[in-house]
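Spelled out from the first residue to the last, the chains are:
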Amino acid sequence: MHKFDIVIIGSGLGGLLCGYILSKEGFNVCIVEKQSQPGGNLQTFTRHGHKFETGVHYIGSLGPNQTLARYWSYFGLMDKIQFQQLDLDCFDRVAFNEEEFPIAQGFENFASQLLRYFPNEKQALDDYIRTIQEVVSSFPLYNLELPKDHREHHYTTQSAFDFLQNLSRTPNFKLQIANFKSQTPLSAVLAGNNYLYAGSHFSPLHVASLISHSFISGAYRIMGGSDQVSQALIASIASQGGTVITRREISKIGQLPHLQQKFILETTTGEIFMSNMVISNIHPAKTLTMMPPDMVRPAYHKRIVSLQNTTSSFILYLSVKPGSFPYLNYNYYYHTSRDPWNESAVSEKNWPEMFLLSTGCHIPDQKYAETVTILTYMRFDEVAGWENTTIGRRGPEYQDFKNEKAERLLQLVSLKFPGLSAAIDRMEISTPLTYRDYTGTPDGSLYGIRKNFHEPLLTAVMPKTKIPDFYFTGQNINLHGVLGVTIGSVVTCGEILGLEYLLKKIQNG
Ligand SMILES: Cc1cc2nc3c(=O)[nH]c(=O)nc-3n(C[C@H](O)[C@H](O)[C@H](O)COP(=O)(O)OP(=O)(O)OC[C@H]3O[C@@H](n4cnc5c(N)ncnc54)[C@H](O)[C@@H]3O)c2cc1C
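Residues numbered from 1 in each chain as written. Predicted model: local features only at pLDDT ≥ 70, side-chain atom pairs only at ≥ 80, totals over all residues.

Quick notes on the sheet that holds strand β6 (residues 83–85)
Reading across the sheet, the 3 strands line up as β5-β9-β6 and stay open at both edges, with antiparallel pairing between neighbours. Looking along the sheet, the strands with just one partner apiece sit at the ends: β5 (59–60) and β6. Summarising the sheet, β5 and strand β9 (residues 219–222) pair through 2 bridges and their orientation is antiparallel. By the bridge assignment for β9, I59 is matched with Y220. (Pairing = 2+ DSSP bridges. Helix = DSSP H or I, 4+ residues; strand = E, 2+ residues; numbered from the N terminus.)

So, in C-alpha cells, the structure goes:
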C-alpha cells in the first residue's frame, strides 16, 4: 500500500506538469502510469535505429518571450531541450490539388506571404489577424495574466467555419469554391492546417484562433524527440521528492470518508494507492467509469459520458534510405478537395481525403530526412471489428487491412511526392486502436472531447469537480495540444494552490 498527498492518474504532459508544480510546492506527489514508457502523446518509439514521434510534431509560441517559452522556462525545459524553428516564410505548406500556399511565421510576414496569392484580400487578412489577436487577448492565461472577466465566452459560441467564410469578399463558402475553379479561396487556405484541431462544422472560433495564433507566432520542432520533455520533467519531479511509477493501470477509484487519506485507488493487479487529493490526467469519461455510481451526481455522469470525441487517425511512420528524401523544415498539408471542413468525418469510400506529411528533426542543419510521418484521419468504426484485441495480437486480417490502407494513402502522397515510395526503407503503421491502447484515449481519439460552439458549456470540463479534492487535467480541460495542455495544468494546479500565487511564480520564471 502506497500513501501520498496527491496521486496523479496518467503521465501525459498534463499529469507531468501538474506533478512538477505540486512537487515543487512541497507536496508528496505520485504519478501512476499504465504504460512502460511515460509521457502519453510525448512517447516516441525507435525502430532499426530511427526514432519516431507519436503525438507531437511541432509546437507553437516557443520564440523568445512567447507564451509557451515563458511557461516552459518555469518548468525548466527551455535550457534542457533543443528546438528547431521551422521556415519563417512557410512553416506549413497547404496544398489543394495543384495549388500550394505558404503559412508564414510573424503576423506581418504571414499576411504578406499570402497577399502574393490573394492581392485583393488585404482586408480579409487584416481582419483575420486582428480577430485571432483579440481572441487570444480574451484568454489572459495565454499572456500569463490572471483571468478577470469572461470575455472568452463571446468566442466559444462562434463558429470557426462561419468566421473564415465571412472574411472573404464572397461570403458563401460553396460560392467561393464554385467561383474559384482554378484558385482556392482564402478561407480554405486559412483552414488548410485544421487537422491541428480536427476542424469540423462544430469547431469553435476560439479553438481555431488560439492554435493558429500560437503557430503563426513561432513554430518549432523538438530536436531529437519529444520524449525528452517527459524525461526532463520526470527528473525534476524526482529531484523535488515526487515519484513516477509506470506499468500500473488504475482501474478503481473510491473514497475513504473517515480516514486520514481521502481516496483509495486500485490498479488492475490489485495494488493500492491512497491519497488526500487526486488529479486525473486521463479522459474524464474513463475516469468516471472507475468510480462507484454514488461518487458523482447522475446528471454530471450522464453529461460527461455522452460527450463526443474528436475522430482518430491513421499514420505511416517511414524510415527512409540515407540521402534519398529531403528534410523538409515545414509541414505539408494536402487536400483532395477545397473543403477541409468535412474531412474529419471522411467515409471509407472517399478515404483518404487529406494528409499531413512531416519529417522528423534529429540533428541541427539536417539536409536529408531519416524519418517521414504521414498522418490522416480515420474513424474508429473502420477498426471496430478488432476492438477486443490487444497490441500485437490482432491477427492477419488486421495486418491486411492496415497494408491495404497504407497503400491507398501512399498512392495519394505520391501525387505530391513521387520519389517517396522508392525512398522507403521500412514502414510502421498505426490505427485508432494503436492510440487507444498506447494513450488510453477512447476510440483512439486524436484530441479528446470535441468542442462544439453550439454547446460550449456542455462540452466544457472544469478542472475542479464536485468531489472535494478531485481534479482533472490534460487535453480535455482547457484545450488539447502542447500549449493548451500546459496552460490547463496551470489552471488545475491554480485550483489547489491559488491561481494568482502560482502565476506570480511562473511570471518570475
Ligand atoms: C497523432 C497526434 C498528433 C499530434 N500532434 C500534435 C502536435 O504536433 N502539436 C501539439 O501541440 N499537439 C499535438 N497533438 C496533441 C497532443 O499530443 C495532446 O493534446 C497532449 O499531448 C495530450 O496530453 P494529456 O496530458 O492530455 O495526456 P495524454 O497524452 O493523453 O496521456 C494520458 C496518459 O494517461 C495514461 N493512462 C490512461 N489510462 C490510465 C490508467 N487507467 N491508469 C494509469 N495511466 C493511464 C496513458 O497511458 C497516457 O500516458 C497530437 C496528438 C495526436 C494524437
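Some remarks on the site of the ligand
Contacts to the ligand come from 36 residues, most closely from G10, G12, G40, G440 and G474. Every element with two or more residues in the shell around the ligand is listed here: α1 (13–24), α15 (432–439) and α16 (481–497). Looking at the shell around the ligand residue by residue, the classes come out as 14 nonpolar, 19 polar and 3 charged. Looking at which domains feed residues into the shell around the ligand, each of domain 1 (2–83 + 226–302 + 461–507) and domain 2 (87–217 + 309–444) gives three or more. (Near = placed C-beta within 6 Å. Nonpolar A, V, L, I, M, F, W, Y, C, P; charged D, E, K, R; others polar. Domains from an automatic or database assignment.)

Here's the deal with the packing of helix α2 (residues 67–74) against α16
It is the contact of α2 with α16, at a shortest axis distance of 10 Å, that shows an interaxial angle of 50°. Between α2 and α16, the angle is such that the two are oblique. By crossing handedness, the relation of α2 to α16 is classed as left-handed. For the pair formed by α2 and α16, the contact residues are T67, L68 and Y71 on the first element and V482, L483 and T486 on the second. (Axes fitted to C-alpha atoms, helices over the stretch in contact; angles between N-to-C directions. Parallel < 35°, antiparallel > 145°, perpendicular 65-115°, else oblique. Left-handed = near helix turned anticlockwise from the far one by under 90°. Contact = placed C-beta atoms within 7 Å.)

Quick notes on the domain arrangement of the protein chain
Its domain assignment divides the protein chain into domain 1 (2–83 + 226–302 + 461–507) and domain 2 (87–217 + 309–444). The centre of domain 1, based on its C-alpha atoms, is set 27 Å off from the matching centre of domain 2. The interface of domain 1 with domain 2 comprises 34 residues on the first partner and 26 residues on the second. Those elements giving two or more residues to the side of domain 1 that touches domain 2 turn out to be β4 (50–53), α2, α11 (284–289), α16 and α17 (499–507). Split into classes, the residues belonging to the side of domain 1 that touches domain 2 amount to 13 nonpolar, 15 polar and 6 charged.

Some remarks on the sheet that holds strand β15 (residues 331–335)
Backbone hydrogen bonds are what pair the strands of a sheet, in a parallel or an antiparallel way. Reading across from one edge, β8-β7-β15-β16-β17-β14-β18 is the order of the 7 strands in this open sheet, with mixed pairing throughout. Each edge of the sheet is formed by a strand with only one pairing partner; in this case those strands are β8 (99–103) and β18 (424–430). In this sheet, neighbouring strand axes are inclined to one another by 20° on average, regardless of whether the strands run parallel or antiparallel. Relative to strand β14 (residues 312–320), α15 is tilted by about 95°, and along the sheet it contacts β14, β17 (371–378) and β18.

Let's talk about helix α13 (residues 396–416)
Taking 1.5 Å per residue as the helical rise, α13 with its 21 residues ought to reach 30 Å, and the 31 Å between its terminal C-alpha atoms agrees with that figure. Turning to α13, its buried residues number three or more, namely K402, K405, L409 and V413. For α13, the buried positions fall inside an angular range of 80° around the axis, keeping them on one side. Of the exposed residues in α13, the ones pointing more than 90 degrees away from its buried face are P396, E397, D400, N403, E404, E407, Q411 and L415. Buried residues belonging to α13 abut β14, β16 (354–359), β17, α14 (420–423) and β18. (Expected span 1.5 Å × (residues − 1). Buried ≥ 20, exposed ≤ 12 C-beta atoms within 10 Å, placed from the backbone. Arc of directions from axis to C-beta.)

Observations concerning the environment of S445
Among the structural elements, S445 can be located in the loop between α15 and β19 (470–472). With 35 residues separating them in the primary sequence, S445 and L410 have C-alpha atoms 23 Å apart. Excluding its chain neighbours within four sequence positions, the residues that come into contact with S445 are N309, T310 and S312.

Overview of the nonpolar core
As a rule of thumb, soluble globular proteins bury nonpolar side chains together. Counting residues in each nonpolar core, the largest one holds 129 residues, and the members touching the most others are I6, V7, F355 and I374. The element that contributes the greatest number of residues to this core is α16, accounting for 8 residues. There are two domains that each give this core at least three residues, and those are domain 1 (2–83 + 226–302 + 461–507) and domain 2 (87–217 + 309–444). Once you skip the residues sitting within four places of it in the chain, F355 turns out to touch Y334, I374, L375, T376, L409, L412 and V413. (Core = buried A, V, L, I, M, F, W, Y, C linked by C-beta atoms within 7 Å.)

Let's talk about the environment of P257
Its place among the elements puts P257 in the loop between β11 (250–255) and β12 (263–267). Here P257 falls in the exposed class, since 5 other C-beta atoms lie within 10 Å of it. Separated by 115 residues in sequence, P257 and Y142 have C-alpha atoms that sit 38 Å apart.

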